[in-house]
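So you can see what is in the structure, the chains are spelled out below.
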Amino acid sequence: MALAEAPRGAGDHVDPVTTVSPPEWRARLERRGLAPLAGTGWRYYAWIGLLLAIIAWALYAYSQQLEDGLIVTGMRDRISWGVYIASFVFFIGISHAGTLLSAILRATKARWQLSITRMAEFITVVALMVGALFPLIDMGRVDRALNLVFYGRWQSPLVWDILAITTYLAGSSLYLYLPLIPDFALARDRLGPAASKLKRGFFTMVAVGYHGTPAQRAALERAMTVMMIIIIPVAVSVHTVVSWIFAMTLRVSMNSTVFGPFFVAGAIYSGIAAIIVLMAVLRKVLHLEEYITARQFKNLGYLLGAFTLIMLYFNLQEYAVNGYKMEAGIPFEFEELMVGPFASLFWFYIVGGIMVPGLIILFPRTRTISGIVVAAILALAAMWIERYLIVVAGLRIPLMAYDPRDYLPSWVELSILAGAFALFALLISVFAKLFPVISVWEVVEHRGPEPPDEAPVAARMPVGAAAGAGAE
Amino acid sequence: MTTTVRRLVRGTALAVALWLASAGAAAAGTVPTRLELSVPPSTDLGAATDVQARLTDASGQPIARAAVRFVTRLSFLEAAGDVVLADARTDERGVATAQIELRTAGTLTIAARYDGDERYAAAAAATGVIAVRAGDQLYLEHAGVHVPILNGPPQLAPVALSEPAGGILSFIAHLWPFASGWPVAAALLIVWSLYAFAASLIFRIAYADRPGPKGTSRPPAATRERPWTAR
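Residues numbered from 1 in each chain as written. Chains lettered and ligands numbered in written order. Predicted model: local features only at pLDDT ≥ 70, side-chain atom pairs only at ≥ 80, totals over all residues.

1. Here we look at the overall build of chain A
Then, in step 1: The helix and strand tally for chain A stands at 17 helices and zero strands.
Then, in step 2: Taken across its 472 residues, chain A has 48% of its residues classed as buried.
Then, in step 3: Considering only contacts in chain A between residues 6 or more positions apart, those separated by 24 or more positions represent 85%. (Helix = DSSP H or I, 4+ residues; strand = E, 2+ residues; numbered from the N terminus. Buried ≥ 20, exposed ≤ 12 C-beta atoms within 10 Å, placed from the backbone. Contact = placed C-beta atoms within 7 Å.)

Structure below.
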């Protein structure tokens, strides 16, 4: 595809953007950042088709659940939460990374992250959209969700959860949109005939007439500052409230006063891992090697490494305190987790999902891009498993004199889970087509080209040239 | 009627099973024992209720310091089993007393059981039936965090559940509990107000002075020389 070389696109006026000839790297950055918006190849459509097929299958599975009820799942009276609620917590968890991390790093003026903030914010919004579906799916009778509106009690953690998630989703969407405005303006002015009329019309509308005048800049920066500050406590509150759904339930394994910070730490841990994985995928697919370098991977890797220690600490705290007291039910829980039916999952979570990623990041030899991505994938898998263990292993502890029953997700649950991941990938793919995945204007203004000391590392990247063919 | 028959059958089955267990022990050469259960005919849901069992040997002499277990048989779907309500030891009169709080309304079949030892054979008592009265449901009227002045203290009391009345007033009434949760409401108000403020700045961007064709409004010269992408 060819982006308009003339910096003036649909505009019929002299744009300040066009008054200075940009340096070569900036022009390259703009081309690279806007390339996915301009054209679409067959591989993209094939990818979307595959995702839609998986989602269609999941919808079929869900229709079976609607028709026959929750009996088609593996959930029963004794283990009444399963894959759905575990996935809900997982998705809400990874939604943390984005906005929270982006806001913290923006607030601390960490400029290395400017090329990845957009992706992080995508993750937040998309993960929230997908995660919020799971409680509705888990309800069976989805129409009864309205009961929470009409009969909800403010004392109920479920009501807090709904309020927190909707508040976070609204804030995250706004926080995603604000820094997009200058990039929308860029797309409006740069894409030219490379984009369809409809697309240009869309960019003109969402750019809200932005031209970078001092008044506009001041308003934008003010709005971003407000959102940056407010979104941090909102993000923390969301996962704290999610943890309270468990911690305020009368279940012995969930009797914990540190579930709030434990969940927040776990959410940030899985969120960082999600950003690393998405960063690696988009970097490869959209050829962003020049802008997402080893520096971003290493810095996020350090953060991930720090959180492995925090996660170890919280796990030690949980199991040491409960193990010391050994209240009724705890011996059963420890046995099923450590040597019983969940032992393989539990030890994978502790060793494979926390210790191994920490070690990968600790040693310089393994602290490469591919090493960090492997650590992130392990962390993501482990965090899903952790949620599964909290939900299923926790509910498996008998409350009365009956034998513990096992839970195995049915094909319906697994299909819906696959559909959720496909929906996540679909929304990210669509977002990447509609919005620049790199915050071009922030990279240009605040960061500039990668520092020279990173150049040799960047040169070792396996995949090719920074400039070149557009993304499919 | 059917329910009564089912309960009778269930109670009889429990008694027979326990009797068979004691008979087996007696056959092993231990002294036969006899256990008599005494339960009140009715009680209130959640109220502390005394149940007693008297353990004697074959000659009617009380057996002291023996462990007696009070159980009830519960079933739910495919699962069934004896649920232990209480354990107690017999006194000098051979009487074991336990205090139980029943949390299930309706009639409940209770049995006492003595598992025996090397001297005495196991024994099972005839079952007793308690009617647990509960026209209401246990309902935590003021759940959640108790903040002095703001809301009432948490109290666990039987409160009759009633169907909500229809109409707009009922709808408002259902929203009323939220009003007592003003800390949540205040936090939400602050957050959403800040959102609204940030969103309002988008309008300021949209209607701010912008460059235009010749002869119309233009940004200051400084901006033209140092556009946003070049700073």
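2. Remarks on the overall build of chain B
Then, in step 1: Scanning chain B for helices and strands turns up four helices and eleven strands.
Then, in step 2: Considering chain B as a whole, with its 231 residues, one finds that 23% of them fall into the buried category.
Then, in step 3: Across chain B, every contact between residues at least 6 apart in sequence was considered, and the portion connecting residues at least 24 apart equals 60%.

3. Considering the pairing of strand E9 (residues 128-133) of chain B
Then, in step 1: In this structure, strand E2 (residues 42-44) of chain B lies alongside E9 of chain B, joined through three bridges in parallel fashion. Bridge pairing in E9 of chain B places Thr 43 of chain B opposite Val 132 of chain B. (Pairing = 2+ DSSP bridges.)

4. Considerations on the packing of helix H13 (residues 343-362) of chain A against helix H14 (residues 369-396) of chain A
Residue and element names in this part refer to chain A.
Then, in step 1: Packing of H13 against H14 leaves a shortest axis separation of 8 Å and a crossing angle of 155 degrees. What the angle tells us is that H13 and H14 run roughly antiparallel. In this structure, H13 meets H14 at a crossing whose hand is left-handed. Judged by residue contacts, Leu 345, Phe 346, Phe 348, Tyr 349, Gly 352, Gly 353, Ile 354, Val 356, Pro 357, Ile 360 and Ile 361 of H13 engage Gly 371, Ile 372, Val 374, Ala 375, Leu 378, Ala 379, Ala 381, Ala 382, Met 383, Ile 385, Glu 386 and Leu 389 from H14.
Then, in step 2: The residue inventory of the contact of H13 with H14, partitioned by class, reads 19 nonpolar, three polar and one charged. (Axes fitted to C-alpha atoms, helices over the stretch in contact; angles between N-to-C directions. Parallel < 35°, antiparallel > 145°, perpendicular 65-115°, else oblique. Left-handed = near helix turned anticlockwise from the far one by under 90°. Nonpolar A, V, L, I, M, F, W, Y, C, P; charged D, E, K, R; others polar.)

5. Observations regarding the confidence of the model for chain B
Detailed reading of the predicted model is not advised wherever pLDDT is low.
Residue and element names in this part refer to chain B.
Then, in step 1: The pLDDT averaged across chain B works out to 70; a share of 54% of its residues lies at or above 70.
Then, in step 2: Overall, residues 214-231 carries pLDDT values under 50, and its contacts beyond four positions in sequence, including any with other chains, amount to 36 contacts.
Then, in step 3: Both scores are available for the predicted complex, with the pTM at 0.68 and the ipTM at 0.76. (pLDDT = per-residue confidence, 0-100.)

6. Description of helix H9 (residues 214-247) of chain A
Then, in step 1: Compared with an ideal rise of 1.5 Å per residue, which puts 34 residues at 50 Å, H9 of chain A spans 49 Å between its outermost C-alpha atoms and is within 8% of the ideal.
Then, in step 2: Where H9 of chain A bends most, the angle comes to about 30 degrees, and this point is Ile 231 of chain A, followed within four residues by the proline Pro 233 of chain A. (Expected span 1.5 Å × (residues − 1). Bend = angle between axes of the 7 residues up to and from the residue.)

7. Describing helix H10 (residues 259-285) of chain A
Residue and element names in this part refer to chain A.
Then, in step 1: If you check H10, its first and last C-alpha atoms are 38 Å apart, about what 27 residues at 1.5 Å a residue would give, namely 39 Å.
Then, in step 2: Among the 27 residues that make up H10, 19 are buried, leaving the element largely enclosed by the rest of the structure.
Then, in step 3: Taken from the residues just after H10, His 287 is the one with a positive phi, measuring 55 degrees.

8. Notes on the nonpolar core
Then, in step 1: Counting residues in hydrophobic clusters, the biggest one holds 155 residues, and the most contacted among them are Ile 123, Ile 272, Ile 275 and Leu 304 of chain A.
Then, in step 2: Ranked by residues supplied to this core, first place goes to H14 of chain A with 18 residues.
Then, in step 3: Residues contacting Ile 275 of chain A, with those up to four places away along its chain left out, are Ala 97, Gly 98, Leu 101, Ile 116, Met 119, Ala 120, Ile 123 and Leu 300 of chain A.
Then, in step 4: With 26 residues, the next largest nonpolar core counts Leu 35, Ala 66, Ala 111 and Ala 121 of chain B among its residues. (Core = buried A, V, L, I, M, F, W, Y, C linked by C-beta atoms within 7 Å.)

9. Re the sheet that holds strand E6 (residues 95-101) of chain B
Two modes of strand pairing occur in sheets, parallel and antiparallel, and in both the strands are linked by backbone hydrogen bonds.
Residue and element names in this part refer to chain B.
Then, in step 1: The strand order across the open sheet formed by three strands is E1-E3-E6, and the pairing between neighbours is antiparallel. This sheet does not close on itself; its edge strands, each paired only once, are strand E1 (33-38) and E6. Between one strand axis and the next, the sheet turns through 20 degrees on average, direction left out of account.
Then, in step 2: Here E1 runs beside strand E3 (residues 48-57); their pairing, made up of six bridges, is antiparallel. Directly across from Leu 37, in E3, lies its bridge partner Ala 53.

10. Quick look at the environment of Ile 181 of chain A
Then, in step 1: The topology assignment puts Ile 181 of chain A in helix H7 (residues 157-190).
Then, in step 2: Given 24 C-beta atoms within a 10 Å radius, Ile 181 of chain A is considered buried.
Then, in step 3: As a C-alpha pair, Ile 181 of chain A and Val 208 of chain A span 27 residues in sequence and 7.4 Å in three-dimensional space.
Then, in step 4: Beyond its immediate chain neighbours, meaning those up to four positions away, Ile 181 of chain A contacts Ala 207, Val 208, Tyr 210 and Leu 220 of chain A together with Ile 205 of chain B.

11. Details of the confidence of the model for chain A
Residue and element names in this part refer to chain A.
Then, in step 1: Residues with a pLDDT of 70 or more make up 89% of chain A, whose mean pLDDT is 83.
Then, in step 2: For chain A, the element scoring lowest by mean pLDDT is helix H17 (residues 455-459), at 39; H13 scores highest, at 95.
Then, in step 3: Per-residue pLDDT stays below 50 along residues 1-21; that stretch engages in 60 contacts with residues further than four places along the chain or on separate chains.
Then, in step 4: Here residues 453-472 is a poorly scored stretch, pLDDT under 50, and it has 34 contacts once near neighbours within four places are set aside; other chains count.

12. Observations concerning the pairing of strand E7 (residues 106-114) of chain B
All names here are of chain B.
Then, in step 1: Along E7, seven of the nine residues are buried, which leaves the element largely enclosed by surrounding structure.
Then, in step 2: One ladder, built from five bridges, connects E7 with E9; its direction is antiparallel. Bridge assignment links Gly 106 to a residue of E9, and that residue is Val 132.

13. Some thoughts on the packing of H10 of chain A against helix H11 (residues 294-325) of chain A
Residues and elements named next belong to chain A.
Then, in step 1: Where H10 contacts H11, the two axes come as close as 9 Å, and the packing angle between them is 150 degrees. Here H10 is positioned roughly antiparallel relative to H11, judged by the angle of their axes. Every pair of crossing elements has a handedness; the one defined by H10 and H11 is left-handed. Judged by residue contacts, Phe 262, Ala 265, Gly 266, Ile 268, Tyr 269, Ile 272, Ala 273, Ile 275, Ile 276 and Met 279 of H10 engage Gln 296, Phe 297, Leu 300, Leu 303, Leu 304, Phe 307, Ile 310, Met 311, Phe 314 and Glu 318 from H11.

14. So, the environment of Ala 96 of chain B
Residue and element names in this part refer to chain B.
Then, in step 1: Within the secondary structure layout, Ala 96 lies in strand E6.
Then, in step 2: Considering only alpha carbons, one finds Ala 96 and Leu 37, 59 residues apart in sequence, at a separation of 9.5 Å.
Then, in step 3: Non-local contacts of Ala 96, meaning those with residues more than four positions away in its chain, are made with Gln 52, Ala 53, Leu 55, Val 68, Ala 88, Arg 89 and Thr 90.

15. Description of unusual backbone geometry
Residues and elements named next belong to chain A.
Then, in step 1: In this model, His 287 sits at a positive phi of 55 degrees, which is unusual for a non-glycine residue.
Then, in step 2: Take His 287: it is sitting in the loop between H10 and H11.
Then, in step 3: One non-glycine residue, Met 326, lies in the positive phi region at around 50 degrees.
Then, in step 4: Looking at where Met 326 falls in the secondary structure, it is placed in the loop between H11 and helix H12 (330-338).

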